[in-house]
Amino acid sequence: MSYRSHADLGGQDGHGRVVPERESELFHAAWEPQALALTLAMGATDAWNIDMSRSARETLADYGTLTYYEIWIEGLVKLLSERGLVGLDEIAAARMLHPPRPVTRVVQAADVPTVLAKGSPTQRPVTAPALFAVNERVRTRTEERAHHTRLPGYARGKIGRIEHIRGVHVFADANAQGLGERPQWLYTVVFSGHELWGDASTQGLSVSIDAWESYLERLP
Amino acid sequence: MAHDQHHEHEHSELPDIELRVRALRTVLEQKGYIDPAALDVLIDTYKTKIGPRNGARVVARAWVDAVFRKWLLEDATAAIASLGYAGRQGEHMVAVENTESTHNMVVCTLCSCYPWPVLGLPPTWYKSAPYRARAVKDPRGVLADFGVTLPVSTEIRVWDSTAEVRYLVIPRRPRGTDDLTEEELAALVTRDSMIGTGLPKTPNDPP
């Protein structure tokens, strides 16, 4: 399997306790807001889509040792260099060495409120009936995928119940690979804690994921 | 070699990542891919305009207005937009309500999906491995890290945000708040209570 995500953390043991944080603690170093703004501004150029950026981040070899804004910066560097928008030599030199390539849009200060308020909705028109109905029992696919996917490992090959139908949405797996949006029905599928974790599960636990139709199969 | 190291040291009092981000910003500016003024507006927006006080106002409205609460549970995107909160990372909103029998908790095990228009930027712990690993398996242990203990009989529902739907938890209204105004109620709603790792403050808590 040539594709490896380092971000699929659900259910992993050994990561220790969660350290709460005050609401006022927004950034922890001066470069963090810069990392945020550069990521958002470059995302607005439409040189890639959000699924491509998630894919770039989750495949960083040192994902597990980086802080989250470091992951954003290294993901951004990867997206830029892969597209020839910025060379690694230019980052090392801290100046432009090669001519720029065209980008679709450069977001201007005055446009920021509009761009943020608009967002990037992923819901698309319905072109086929949904395969599954609310309350239907389904099984998630078992196989791994050699590309970006949004079915977490802990929920693979598990039996759950369709709880909500969320409409037709851009299919992350295809969109991340540059294969187009290929929209599919999206469902909230709920699993019992016992189905996911066996007898050791916390009592009264249920967990849901949002799953595209092709992640699911009807139970015989 | 010793000279080189000394030379390096003189130039880099800043950590490597700081220098790297500066270098990246310089190159992006020189190439004309970004408007430097837009960066300032983006940062200011998430420092001063888009944060968890937005979500707190949504929750407080739901606590005082039964019609709004019903709308919020049926079509959260529209109900939240009616208060002026919409857009990036909140395009498809769903509100989930805590009850006497069920407590909701939201996580993104695969990255850091979070409802930005109502909660702002995610806190560090939300994006970190311990929370993403444990929320789906040991939510009571996570709650203990936040100093929260729920009755054993309370069912816990964890929502893993694996697509573009974003979840907002509507915590239960604290007792003894019948006389409070909507604004006073909003002040009781903590960010963590809207993620499901905390509970709202009560009128007796220190501010």
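Residues numbered from 1 in each chain as written. Chains lettered and ligands numbered in written order. Predicted model: local features only at pLDDT ≥ 70, side-chain atom pairs only at ≥ 80, totals over all residues.

> I'd like a description of the overall build of chain B, backed by residues and values.
Scanning chain B for helices and strands turns up 12 helices and 4 strands. A compact globule built from 207 residues would reach a C-alpha radius of gyration of about 17 Å, whereas chain B, at 21 Å, exceeds it by more than 25%. Residues classed as buried in chain B amount to 51% of the 207 residues present. (Helix = DSSP H or I, 4+ residues; strand = E, 2+ residues; numbered from the N terminus. Rg over C-alpha atoms; globule rule 2.2 N^0.38 Å. Buried ≥ 20, exposed ≤ 12 C-beta atoms within 10 Å, placed from the backbone.)

> So what about the nonpolar core? Which residues, and what values?
Of all hydrophobic cores here, the largest spans 113 residues; its most connected members are Leu38(A), Ala41(A), Val59(B) and Leu168(B). With near-sequence residues (within four places) excluded, Leu38(A) lies in contact with Leu76(A), Leu24(B), Arg25(B), Leu28(B) and Leu39(B). (Core = buried A, V, L, I, M, F, W, Y, C linked by C-beta atoms within 7 Å. Contact = placed C-beta atoms within 7 Å.)

> How would you explain the packing of helix α4 (residues 52-64) of chain B against helix α5 (residues 66-74) of chain B if you had to name every residue and give the values?
Residues and elements named next belong to chain B. It is the contact of α4 with α5, at a shortest axis distance of 5 Å, that shows an interaxial angle of 125°. As far as their axial angle goes, α5 and α4 are oblique. Seen from above, α4 lies across α5 with left-handed handedness. Of α5, the residues touching α4 (which contributes Val58, Arg61 and Ala62) are Phe68, Arg69 and Leu72. Considering only residue class, the contact of α4 with α5 consists of 4 nonpolar, no polar and 2 charged. (Axes fitted to C-alpha atoms, helices over the stretch in contact; angles between N-to-C directions. Parallel < 35°, antiparallel > 145°, perpendicular 65-115°, else oblique. Left-handed = near helix turned anticlockwise from the far one by under 90°. Nonpolar A, V, L, I, M, F, W, Y, C, P; charged D, E, K, R; others polar.)

> Talk me through the pairing of strand β3 (residues 159-169) of chain A; I want residue IDs and the actual numbers.
Looking along a regular strand, one sees the side chains alternate between the two faces of the sheet. Residue and element names in this part refer to chain A. Bridge analysis of strand β1 (residues 123-124) against β3 gives 2 bridges, and the strand direction is antiparallel. From the neighbouring strand, Gln123 faces β3, where its bridge partner is His169. Both strand β2 (residues 137-140) and β3 contribute to a ladder of 3 bridges, which runs antiparallel. The residue bridging Val138 from the neighbouring strand is Gly160, located in β3. (Pairing = 2+ DSSP bridges.)

> Hey, could you go over the interface of chain B and chain A for me, with residue numbers and the actual values?
Each partner contributes to the interface: chain B provides 68 residues, whereas chain A provides 70 residues. Among the elements of the structure, α2 (16-30), α3 (36-49), α8 (124-127), α9 (129-134), α10 (139-145) and β3 (155-160) of chain B are those that each provide at least two residues to the side of chain B that touches chain A. Per-class residue counts for the side of chain B that touches chain A are 35 nonpolar, 13 polar and 20 charged.

> Tell me about unusual backbone geometry, residues and numbers included.
The phi dihedral of Arg182(A) falls on the positive side, at around 35°, and the residue is not glycine. Tracing the chain through its elements places Arg182(A) in the loop between α6 (172-176) and β4 (184-192). Although it is not a glycine, Gln89(B) sits at a positive phi angle of roughly 65°. Secondary-structure assignment places Gln89(B) in the loop between α6 (76-81) and β1 (92-97). The buried category is assigned to Gln89(B), around which 25 C-beta atoms lie within 10 Å.

> Describe the domain arrangement of chain A, naming the residues involved and giving the relevant values.
All names here are of chain A. Along its sequence, chain A is carved into domain 1 (31-118) and domain 2 (123-218). Placing a centre on the C-alpha atoms of domain 1 and another on those of domain 2 gives a separation of 29 Å. Counted by class, the side of domain 1 that touches domain 2 contains 1 nonpolar, 2 polar and 2 charged residues. (Domains from an automatic or database assignment.)

> Run through the confidence of the model for chain B, naming residues and quoting values.
Residues and elements named next belong to chain B. With 93% of its residues at a pLDDT of 70 or more, chain B shows a mean pLDDT of 94. Scored below 50 in pLDDT, residues 1-10 shows 0 contacts in the model against residues more than four places distant or in partner chains. The ipTM value of the predicted complex is 0.98, and its pTM value is 0.95. (pLDDT = per-residue confidence, 0-100.)

> Give me the lowdown on the environment of Ala56(B), citing residues and values where you can.
Residues and elements named next belong to chain B. Relative to the elements of secondary structure, Ala56 occurs in helix α4. On a C-alpha basis, the gap between Ala56 and Ile170 in space is 9.3 Å, while along the polypeptide they are 114 residues apart. Residues within four places of Ala56 in sequence aside, it is in contact with Ala186 and Val189.

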